[in-house]
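# Tertiary structure, described
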Amino acid sequence: MNQNKITPFGYFLLLSFFVLLSYAGWIYSQSIDWDVLKRMENSPLTLPTQTIITPSATISATPTVKVN
């Protein structure tokens, strides 16, 4: 039986992938401006008010046709 096993090179590729992924996450977290996030959290939340739009004119059920 031929079983698919991970070779040492495969382990190296997986390990290097996760190391590089962790390093990219660390770089990304360093670029976040935490002051802006703290100001956004401290500012009051303003939500738009819900307005119900009612039609100003009624639509006729039968179309009108103009004849010239």
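The structure contained in this document is the topic of the report that follows. (Residues numbered from 1 in each chain as written. Predicted model: local features only at pLDDT ≥ 70, side-chain atom pairs only at ≥ 80, totals over all residues. Heavy atoms only, no water.)

### Some thoughts on the overall build of the protein chain
Looking only at helices and strands, one finds two helices and zero strands in the protein chain. Going through the 68 residues of the protein chain one by one, you find that 1% of them count as buried. Just so you have it, the protein chain exposes about 7,700 Å², and 65% of that area is on carbon and sulfur atoms. (Helix = DSSP H or I, 4+ residues; strand = E, 2+ residues; numbered from the N terminus. Buried < 20%, exposed > 50% of the residue type's maximum accessible area, 1.4 Å probe, protein only. Areas by Shrake-Rupley, 256 points an atom, 1.4 Å probe, with all protein chains shown as cover.)

### Some thoughts on the packing of aromatic side chains
Taken as a whole and assessed by the stated rule, the structure comprises three aromatic pairs. An angle of 70 degrees between the planes, with centres 5.2 Å apart, marks the rings of Phe-17 and Phe-18 as edge-to-face. For Phe-17, a relative accessible area of 48% translates into the label partly exposed. The class of Phe-18 is partly exposed, set by a relative accessible area of 48%. (Phe/Tyr/Trp six-rings, centres within 6.5 Å; stacked < 30°, edge-to-face > 60°.)

### Quick word on a nonpolar patch on the surface
A cluster of nonpolar residues, Ile-6, Tyr-11, Leu-14, Phe-17, Phe-18 and Leu-21, forms a patch on the protein surface that exposes about 630 Å² of accessible area. Here Leu-21 shows up in helix H1 (residues 8-30). With a relative accessible area of 49%, Leu-21 lands in the partly exposed category. (Patch = residues over 30% accessible without salt bridge, like charges linked within 9 Å, V, L, I, M, F, W, Y side chains within 5 Å. Salt bridge = Lys/Arg side-chain N within 4 Å of Asp/Glu carboxyl O.)

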